[in-house]
Amino acid sequence: LVPAWQILRESAAATDADRAAIDPWLARLPAFAQTAAKDNNGATFRGANAMLLGLMQGNDALYQQGATTGFNAQLATMRPDGSFPMEVDRGLTALENQSRNIGLLLYSARIAQSRGQNLFGAKIDGRGIDEAIAFLLAATDDNALVDKYAKANRNPSKDYPAFRPNAQVDPFASSATRAWIKLYAARYPGTPLTAALESRVAPARRLGNDIVGGYVTCYDGRV
């Protein structure tokens, strides 16, 4: 909702009356979001939305809160091998969830870039987005790297209720879990890591991504 309105409010379709009604209503959302607080990729998503809403409404405290509780908190929990503990223990969709969290971190970094802040290269204890991507690529090739965590099968997907070794769902199979490659490649064109990502899949010209407004937008950039 937030990225969709951010686009619409800048267009001729939105009237002053629309903005007067919707902007104050959106300002109430962060407090509501706290009632269902999570520590996994849900926290990354909540933080990104707070960052975006903070910029839209000139609320720097909300922006900073989102960056701290979302982006920074996720880097702080990352293991030395680049895995996110609350994503990779989830059975056969462990790598899907790792990918989803990477996408949300990149979304957050793109929001921060519009403010003049560089989160793309940010690291905590030497770990950042690149390390998370490197783990995703390595574990996709060798599921044993993630299965040691995934076998816990915590909160498994209803489509894959039982864990089996070496049977991870391909994290690059769906648009929703690969769309972030476009965003990373735009920031780091021609790098070895970008080349490794693009060799896995050539993202279609139209990408739908459920975490940033569906078909309304793909990380606020042209595809």
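Everything quoted here is computed from the prediction, not taken from an experiment.

What follows is about the overall build of the chain. Helices and strands together make up the secondary structure of the chain, namely eleven helices and zero strands. In the chain, the order of α-helices and β-strands from amino to carboxyl end is α-α-α-α-α-α-α-α-α-α-α. Considering the chain as a whole, with its 223 residues, one finds that 44% of them fall into the buried category. Looking at the chain as shown, the accessible area adds up to about 10700 Å², and 54% of this sits on carbon and sulfur atoms.

The subject of this paragraph is the pattern of salt bridges. Following the criterion strictly, the structure yields seven salt bridges and no others. Here Glu 10 and Arg 9 are joined by a salt bridge, their closest N and O atoms 3.2 Å apart. By relative accessible area, which is 57% here, Glu 10 ends up exposed. Salt-bridge contacts for Glu 131 lead to Lys 123; the nearest nitrogen and oxygen are separated by 2.7 Å. Residue Glu 131 is classed as partly exposed on the basis of its relative accessible area, which comes to 25%.

Here the structure, examined in full by the defined rule, presents two aromatic pairs. Taking 6.3 Å as the distance between ring centres and 85 degrees as the angle between the ring planes, the aromatic pair formed by Phe 120 and Tyr 188 counts as edge-to-face. With Phe 120 in the loop between helix 6 (94–113) and helix 7 (129–141) and Tyr 188 in the loop between helix 10 (180–187) and helix 11 (192–200), this pair connects stretches of sequence that are 68 residues apart. A ring pair is formed by Tyr 184 and Tyr 188, whose centres lie 5.0 Å apart and whose planes are at 45 degrees; its orientation type is tilted. Residue Tyr 184 is classed as buried on the basis of its relative accessible area, which comes to 2%.

Quick look at helix 11 now. Buried residues of helix 11: Leu 193, Thr 194 and Leu 197, and no others. One face of helix 11 carries all of its buried residues, which in axial projection span an arc of 100 degrees. Turned more than 90 degrees off the buried face of helix 11, the exposed positions are Pro 192 and Ser 199. Close packing links the buried residues of helix 11 with helix 7 and helix 10.

A few words on the nonpolar core. Counting residues in each nonpolar core, the largest one holds 48 residues, and the members touching the most others are Ile 102, Leu 106, Ile 133, Phe 172, Trp 180 and Leu 197. Counting residues per element, the ones that place at least two in this core are helix 1 (2–8), helix 4 (41–56), helix 5 (60–77), helix 6, helix 7, helix 8 (144–150), helix 10 and helix 11. Counting residues per element, this core draws most heavily on helix 6, at ten residues. Setting aside chain neighbours within four positions, we find Ile 102 in contact with Phe 84, Ala 132, Ile 133, Leu 136 and Trp 180.

Our focus in this paragraph is the side chain of Ser 99. Position of Ser 99 relative to the elements: it lies in helix 6. Judged by relative accessible area, which is 0%, Ser 99 ranks as buried. Not counting residues within four places of it along the chain, the set of residues in contact with Ser 99 comprises Leu 136, Pro 171, Thr 177 and Trp 180.

This part is about the environment of Ala 76. Secondary-structure assignment places Ala 76 in helix 5. Once the C-alpha coordinates of Ala 76 and Asp 125 are considered, the two residues, 49 residues apart in sequence, prove to be 7.5 Å apart.

Now for the packing of helix 7 against helix 11. Close contact between helix 7 and helix 11 brings their axes to 11 Å; oriented N to C, the two are set at 40 degrees. Put simply, helix 7 runs oblique to helix 11. In this structure, the crossing between helix 7 and helix 11 has a hand that is left-handed. Residues Asp 130, Ile 133, Leu 137, Thr 140 and Asp 141 of helix 7 touch helix 11, and the partners they reach there are Leu 193, Ala 196, Leu 197 and Arg 200. Along the lines of polarity and charge, the residues of the contact of helix 7 with helix 11 split into five nonpolar, one polar and three charged.

What follows concerns the side chain of Asp 23. Position of Asp 23 among the secondary structure elements: in helix 2 (residues 16–27). Residue classification places Asp 23 among the buried residues on the basis of a relative accessible area of 15%.

About the cut-offs
Residues numbered from 1 in each chain as written. Predicted model: local features only at pLDDT ≥ 70, side-chain atom pairs only at ≥ 80, totals over all residues. Heavy atoms only, no water. Helix = DSSP H or I, 4+ residues; strand = E, 2+ residues; numbered from the N terminus. Buried < 20%, exposed > 50% of the residue type's maximum accessible area, 1.4 Å probe, protein only. Areas by Shrake-Rupley, 256 points an atom, 1.4 Å probe, with all protein chains shown as cover. Salt bridge = Lys/Arg side-chain N within 4 Å of Asp/Glu carboxyl O. Phe/Tyr/Trp six-rings, centres within 6.5 Å; stacked < 30°, edge-to-face > 60°. Arc of directions from axis to C-beta. Contact = heavy atoms within 4.5 Å. Core = buried A, V, L, I, M, F, W, Y, C linked by side-chain atoms within 4.5 Å. Axes fitted to C-alpha atoms, helices over the stretch in contact; angles between N-to-C directions. Parallel < 35°, antiparallel > 145°, perpendicular 65-115°, else oblique. Left-handed = near helix turned anticlockwise from the far one by under 90°. Nonpolar A, V, L, I, M, F, W, Y, C, P; charged D, E, K, R; others polar.

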